Amino acid sequence: MVLQDDFWFGVPLVRSLQVPYVAHRQLDAVAWGNTSSLQKVQARNITFMFHGKGYRNAEGRNRGILMNMIRGNFSNTSLVDYSFERDRDQANQFRRVRETAQIYLQSKFCLVLPGDTHTTRRLYDAMAAGCVPVVYGSVLLPFRESVPWTELVVFIDSCRADRVIETLRELLLLEDVAQRGKAAQEAYTRWLSFTRGTGMVSAIVLREEVEVMSAFGDRAAKFSKVREGCGPDNLF
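Cut-offs applied
- Residues numbered from 1 in each chain as written.
- Predicted model: local features only at pLDDT ≥ 70, side-chain atom pairs only at ≥ 80, totals over all residues.
- Heavy atoms only, no water.
- Helix = DSSP H or I, 4+ residues; strand = E, 2+ residues; numbered from the N terminus.
- Buried < 20%, exposed > 50% of the residue type's maximum accessible area, 1.4 Å probe, protein only.
- Contact = heavy atoms within 4.5 Å.
- Areas by Shrake-Rupley, 256 points an atom, 1.4 Å probe, with all protein chains shown as cover.
- 1 Å grid on protein atoms, 1.4 Å probe; cavity = no way out; pocket = protein on both sides within 12 Å on 5 of 7 lines; lining within 4 Å.
- Points joined across faces, edges and corners; volume = space filled by probe spheres on them.
- Expected span 1.5 Å × (residues − 1).
- Polar contact = N/O pair within 3.5 Å; in protein donor to acceptor, adjacent residues only side chain to side chain.
- Phe/Tyr/Trp six-rings, centres within 6.5 Å; stacked < 30°, edge-to-face > 60°.
- Lys NZ or Arg CZ within 6 Å of the ring centre and 35° of its normal.
- Pairing = 2+ DSSP bridges.
- Right-handed = clockwise from strand over helix to strand, strands pointing away.
- Core = buried A, V, L, I, M, F, W, Y, C linked by side-chain atoms within 4.5 Å.

Enquirer: I'd like a rundown of the overall build of the chain, residues and numbers included.
Expert: The secondary structure content of the chain amounts to eight helices and seven strands. Burial analysis of the chain (236 residues in total) assigns 44% to the buried set. Residue pairs in contact within the chain that sit at least 24 positions apart in sequence constitute 69% of those at least 6 positions apart. A total accessible area of about 13,100 Å² is found for the chain, and carbon and sulfur atoms account for 51% of it.

Quick look at the structure:
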């Protein structure tokens, strides 16, 4: 979301504000406690889930390695290598999307693995579903001045790929997984849902825009640098 264009010594500057993806509409309905066509679940019996293409570019080149590592060390997972590019049948695509949304509701931890870029809808689908997001690698997060991300999301440093399995094992020992998932879902409805409420508007207008303008002024722009040379491919 572009806030303003500016020129400084002839160099164009763009001040931008990161906004969230729109979550799956049925998961959004679940987050708000509304009727959904998805099946209600009594217990979350899936430990870790990730549905998506096993290989992407940039940081996402490590996806397949990560999926195989996790699949080989844990039971009751749902790790599916699927791509719309390989399956052009629209009926199958709709079925896959629906199945994935259902799996979010049945999972304790939802993996957010790196892709071609540093933004992803999976984070918001997980939060809407009440599944604890586990982010591996670099990700751009919106509304940093409003949303307490470190309290809601488990972050795994891609430069510590040797500890991925150990970290995930530690997560399964937590006794407050349900409370963490509920907190993530409540944060979603408060700040990140597009369908209702004023949380998103408040976050943008009252805090985020002010922060961008006051912190960096008219002559600066802030960019996040992604570290190179990290990831499970360096383990072998």
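Enquirer: For the layout of surface pockets, give the residues involved together with the corresponding values.
Expert: A volume near 740 Å³ is recorded for the second largest pocket. What lines the second largest pocket is a set of 34 residues, among which His-51, Gly-52, Lys-53, Phe-84 and Arg-122 lie closest to the centre. Looking at the lining of the second largest pocket, the elements with two or more residues in it are β3 (46-52), α3 (90-106), α4 (122-129) and β6 (132-136). In terms of residues, the lining of the second largest pocket owes the most to one element, α3, which gives five residues.

Enquirer: Describe α3, with residues and values.
Expert: A rise of 1.5 Å per residue sets the reference length of α3, with its 17 residues, at 24 Å; its end C-alpha atoms lie 25 Å apart and thus fit the reference within 8%. Regarding α3, the residues found buried are Thr-100, Ala-101, Gln-102, Ile-103, Tyr-104, Leu-105 and Gln-106. Looking at the buried residues of α3, the elements they touch are α1 (25-31), β3, β4 (78-81), β5 (107-112) and α4. A side-chain oxygen of the first residue of α3 lies 3.0 Å from the backbone nitrogen of Ala-91; this N-cap is Asp-89.

Enquirer: Describe the environment of Gln-179, listing the residues and the values that go with them.
Expert: Relative to the helices and strands, Gln-179 resides in helix α7 (residues 177-192). Gln-179 gets classed as exposed once you look at its relative accessible area, which sits at 51%.

Enquirer: Any details on the packing of aromatic side chains? Residues and values, ideally.
Expert: Ring pairs (aromatic) are described by centroid distance and by the angle formed between their planes. Scanning the entire structure with this criterion turns up three aromatic pairs. Relative to Phe-74, the ring of Phe-48 lies with its centre 5.1 Å away and its plane at 65°, an arrangement referred to as edge-to-face. You can see Phe-48 sitting in strand β3 and its partner Phe-74 sitting in the loop between α2 (63-73) and β4, a full 26 residues away along the chain. Residue Phe-48 shares its accessibility class with Phe-74, and that shared class is buried. Chaining the aromatic ring pairs together yields one cluster made of Phe-48, Phe-74 and Phe-109. The side chain of Arg-196 reaches across the aromatic face of Trp-32, ending 5.1 Å from its centre.

Enquirer: An account of the pairing of β5 is needed here, citing residue identities and associated values.
Expert: Within β5, five of the six residues are buried, which leaves it mostly tucked inside the rest of the structure. For β3 and β5, the ladder comprises three bridges, and the chain directions are parallel. Opposite Phe-48, over in β5, you have Phe-109 as the bridge partner. Relative to β6, β5 is paired through four bridges, and the arrangement is parallel. Bridging across to β6, Cys-110 finds its partner in Pro-133. Of the crossover connections in this fold, the one passing from β5 over α4 to the parallel β6 is right-handed.

Enquirer: Could you give me a rundown of the nonpolar core, with the residues and numbers involved?
Expert: Counting residues in hydrophobic clusters, the biggest one holds 33 residues, and the most contacted among them are Leu-27, Leu-123, Met-127, Trp-149, Tyr-188 and Leu-192. Elements represented by at least two residues in this core include exactly α1, β3, α3, β5, α4, α5 (149-152) and α7. Here this core gets six residues from one element, more than from any other, and that element is α4. In this structure, Leu-123 is in contact with Val-112, Pro-133, Val-135, Leu-141, Trp-149 and Val-153, ignoring residues within four places of it in sequence.

Enquirer: Tell me about the side chain of Ser-78, and name the residues and values.
Expert: Of note, Ser-78 is situated in strand β4. Residue class for Ser-78 comes out buried when judged on its relative accessible area of 11%. The contact partners of Ser-78, leaving out residues within four places of it in the chain, are Ile-46, Phe-48, Met-49, Phe-50, His-51 and Ile-103.

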